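Each chain, written out:
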Amino acid sequence: MKKVRTRFAPSPTGPLHIGGVRTALYAYLFAKHAGGDFILRIEDTDRNRFVPGAEEYIIESLNWCGIIPDESVTAGGPFKPYRQSERKEIYDKYIKQLLNKGHAYYAFDSPTDLEIQRRAAEKEGRVFSYDASVRMKLKNSLSMTDEETSRILASGEDYVIRIKVMPGETISFDDMVRGEVSFPSESLDDKVLMKSDGMPTYHLAHLVDDIEMQVTHVIRGEEWLPSTPTHILIYQALDLADRIPRFAHLPLLLKPEGSGKLSKRDGDRLGFPVFPLQWKDPVTGEISMGFREKGYYPEAFINMLALLGWNPGTEQEIFTLNELEQLFSIQQVNKAGARFDPEKAKWFNAQWLHRKPVNQLAAALKKQVLELGWHNNRTDSYFYKAAALLQPRVHFEYEMAQAGKYLFVTPDLLDEKVLAKKWKEPYRSFFTILKDNLANQQDFRAETIELTVKKTAEHQQLKPGEIMQLMRVLVSGQSSGVDLFPMMELLGSHEVVQRIESGLLKVKG
RNA sequence: GGCCCGUUCGUCUAGGGGUCUAGGACAUCUCCCUUUCACGGAGGAAACACGGGUUCGAUUCCCGUACGGGCUACCA
């Protein structure tokens, strides 16, 4: 049994979209589940679309997600180089083989020639396709004599090399997520294998590399499904039919609303990231937000992505990368496209935050509070307790300081709505008495505070329910927040008494 | 247009001939807990696109239709 090897092969044309990250994740999980290797290969055969910084961005993104390749440009490996632009000679060898066997041919049609063909076809309501039905009428080594071909080649004129697809065949293969898929060869065109600049196209390069790098399973997006039969034909032409990898074509990620696949525009329009990391366009300087910068944990991010199109068949929803590696199976991948739901993404982050150790949150909270300049003399124990109170009520770490502002700063405004609705002037004397009772209380713990409050209320013939909300507003300024009595304990007797005192002054009679 | 792929609650999905009165999660609504607020818990509303077959029986299999998506570049 051959060792399982999968790869993720992005092209460095910009930031990695979350659909791409998911593809990488599935390819990684598939390999790891089988105890195999995961390779990162950079497909940079198109010089025109190369974007500086994109390759580094891709590597950093995967790294942030914890998707660590066994072999890559940075990690090296037995099949280096892992950048296609550095593997030109290898492709040339394969091209020559195809040419020699008559499976590929030279084509001299200029881009303008082809454009004319397309227009003409369009006029007749057809779509031009460079295939067996027209190739003998075009300028190529099949329609010309060998002498002519040699002469043009020698003259240095631009040419491309195309695969010669024979009509009348049915190409079928067994896709791991879709099952048996088949195509008539007439529906295929003579795809360009080598461009006029001497670089191979994706179709040739990826296939050669997959063979050379001993890739066993090709896991990629659904957009590649229509070109897969051409790839199979190339394998066959190369006498590599017995080494064709298994294919798995993943469904696409769709927009949260409307139709079509998820794009950068959707993120901008609806206010959520579509990229793992923030990206600054080197040309326009435009900045696109990233999940990392939006406060998402990488664990939550990949957890969410993993469930977008895959499901283990149980009711568990929170998984570590490790668990995913153990449970992942390509048979459980859905066939239909999945809409990305930004709301559920937030929920995943909250779930992970609720599971974080409190001291991690305490450290984050401390940093935020210090940055805001709210208080710098709080003890670490204070931050720990504050973080513990805040933990269940936030979705992101960065929300903590603002959500618990009253734990650090005396409120200057009290919630008017609650006051208007619940305040009655007779309560003033109650709070005055309560304040004194609290001031005299030796043991200022949540339970004893609660007892004091209830006893005092009882003495004044008040129901605790009447004054609880008002007490919260007096102490925190807000109508909602962390557990009231633990909050008072944390603030301490002196602070609480002062806040009630100054709060009462702010309440209009 | 052509080729290919898909279609279970608003969204992510489980289930794949009878156990489906179609399960879970997000969002939404109600209630409970907390005489506060969240977390949490309980419950409600909410789906097998449609039409034909096959079958004793179809959400599940087959065929059509509709709808959605992808591809149709010397881009990947």
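Please read all numbers here as calculations on a predicted model, not as lab measurements. (Residues numbered from 1 in each chain as written. Chains lettered and ligands numbered in written order. Predicted model: local features only at pLDDT ≥ 70, side-chain atom pairs only at ≥ 80, totals over all residues. Heavy atoms only, no water.)

## Thoughts on the overall build of chain A
Secondary structure assignment for chain A yields 20 helices and 13 strands. What you see for chain A is a C-alpha radius of gyration of 33 Å, clearly larger than the 23 Å of a compact globule of 509 residues, by over 25%. The proportion of buried residues among the 509 residues of chain A is 50%. Sequence separation of 24 or more characterises 73% of the internal contacts of chain A that already satisfy a separation of 6 or more. Of the roughly 24500 Å² of accessible surface on chain A, a fraction of 51% belongs to carbon and sulfur atoms. (Helix = DSSP H or I, 4+ residues; strand = E, 2+ residues; numbered from the N terminus. Rg over C-alpha atoms; globule rule 2.2 N^0.38 Å. Buried < 20%, exposed > 50% of the residue type's maximum accessible area, 1.4 Å probe, protein only. Contact = heavy atoms within 4.5 Å. Areas by Shrake-Rupley, 256 points an atom, 1.4 Å probe, with all protein chains shown as cover.)

## Some words on the sheet that holds strand 3 (residues 104-107)
The three strands lie next to each other as 3-4-7, forming an open sheet whose pairing is antiparallel. Whereas interior strands pair on both sides, the edge strands pair on one side only; in this sheet they are strand 3 and strand 7 (192-194). Strand-to-strand twist of the sheet, defined as the mean angle between neighbouring strand axes without regard to direction, takes the value 45 degrees. Sheet topology places strand 3 next to strand 4 (residues 160-163); four bridges connect them, and they run antiparallel. When the sheet's bridge partners are listed, Y105 is paired in strand 4 with R162. (Pairing = 2+ DSSP bridges. Axes fitted to C-alpha atoms, helices over the stretch in contact; angles between N-to-C directions.)

## Overview of the packing of aromatic side chains
Summed over the entire model, instances satisfying the criterion amount to 23 aromatic pairs. Measuring from ring centre to ring centre gives 5.6 Å for Y28 and F38, while their planes differ by 90 degrees; the resulting arrangement is edge-to-face. One end of the pair, Y28, is in helix 1 (residues 18-33); the other, F38, is in strand 2 (residues 37-40), and ten residues separate them in sequence. Per residue, the accessibility class of Y28 equals that of F38, and both read buried. Measuring from centroid to centroid gives 5.4 Å for F396 and Y398, while their planes differ by 25 degrees, and the two rings are stacked. (Phe/Tyr/Trp six-rings, centres within 6.5 Å; stacked < 30°, edge-to-face > 60°.)

## Digging into the protein's contact with RNA strand B
In the vicinity of RNA strand B there are 62 residues, among which R178, E317, Q469, R472 and G481 approach most closely. Expressed as a percentage, the sugar and phosphate content of the atoms of RNA strand B within 4 Å of the protein is 75%. Interatomic distance of 3.1 Å between a side-chain N/O atom of D46 and a sugar or linking oxygen of RNA strand B. Every element with two or more residues in the surface near RNA strand B is listed here: helix 4 (111-123), strand 4, strand 6 (179-184), strand 13 (338-339), helix 11 (342-354), helix 17 (446-459) and helix 18 (464-476). Among the elements that take part in the surface near RNA strand B, helix 18 stands out by supplying five residues, more than any other. Class assignment for the residues of the surface near RNA strand B results in 22 nonpolar, 17 polar and 23 charged. (Near = heavy atom within 4 Å. Polar contact = N/O pair within 3.5 Å; in protein donor to acceptor, adjacent residues only side chain to side chain. Nonpolar A, V, L, I, M, F, W, Y, C, P; charged D, E, K, R; others polar.)

## Considerations on the nonpolar core
General note: in soluble globular proteins, nonpolar side chains tend to be found buried as a group. Counting residues in each nonpolar core, the largest one holds 113 residues, and the members touching the most others are F301, I330, L365, L407 and F431. Top contributing element to this core by residue count: helix 1, with ten residues. Not counting residues up to four positions away in its chain, the partners in contact with F301 are I18, V21, W64, C65, P276 and F291. With 36 residues, the next largest nonpolar core counts I39, L99, A205 and L225 among its residues. (Core = buried A, V, L, I, M, F, W, Y, C linked by side-chain atoms within 4.5 Å.)

## Some thoughts on the pattern of salt bridges
Summed over the entire model, instances satisfying the criterion amount to 41 salt bridges. Between K101 and D239 there is a salt bridge, and its shortest N-O distance comes to 2.8 Å. Here K101, found in the loop between helix 3 (88-100) and strand 3, pairs with D239, found in the loop between helix 7 (228-237) and strand 9 (246-250); they are 138 residues apart in sequence, far enough to count as distant. The closest approach of N and O atoms between D380 and K366, which form a salt bridge, is 2.8 Å. Residue D380 is located in helix 13 (residues 380-390), and its partner K366 is located in helix 12 (residues 358-372); the two are separated by 14 residues in the primary sequence. In this structure D380 comes out as partly exposed when scored by relative accessible area, which is 49%. Within the structure, one salt-bridge network assembled from shared partners comprises R7, R41, E43, R87, D209 and D210. (Salt bridge = Lys/Arg side-chain N within 4 Å of Asp/Glu carboxyl O.)

## Considering the confidence of the model for chain A
Residues with a pLDDT of 70 or more make up 99% of chain A, whose mean pLDDT is 94. Across the whole predicted complex the pTM is 0.95, and at the interface the ipTM reaches 0.94. (pLDDT = per-residue confidence, 0-100.)

## Topic: the side chain of N140
Tracing the sequence through the fold places N140 in the loop between helix 4 and helix 5 (146-155). Within polar-contact distance, the side chain of N140 engages the side chain of Y130 at 3.1 Å. Those residues in contact with N140, other than ones at most four positions away along the chain, are Y105, Y106, A107, F108, Y130 and R135.

## Some details on the pairing of strand 4
Here strand 4 shows two buried faces, one formed by V160 and R162 and the other by I161 and I163. As paired elements, strand 4 and strand 7 share two bridges and run antiparallel to each other. For R162, the partnering residue across the bridge sits in strand 7 and is V192.

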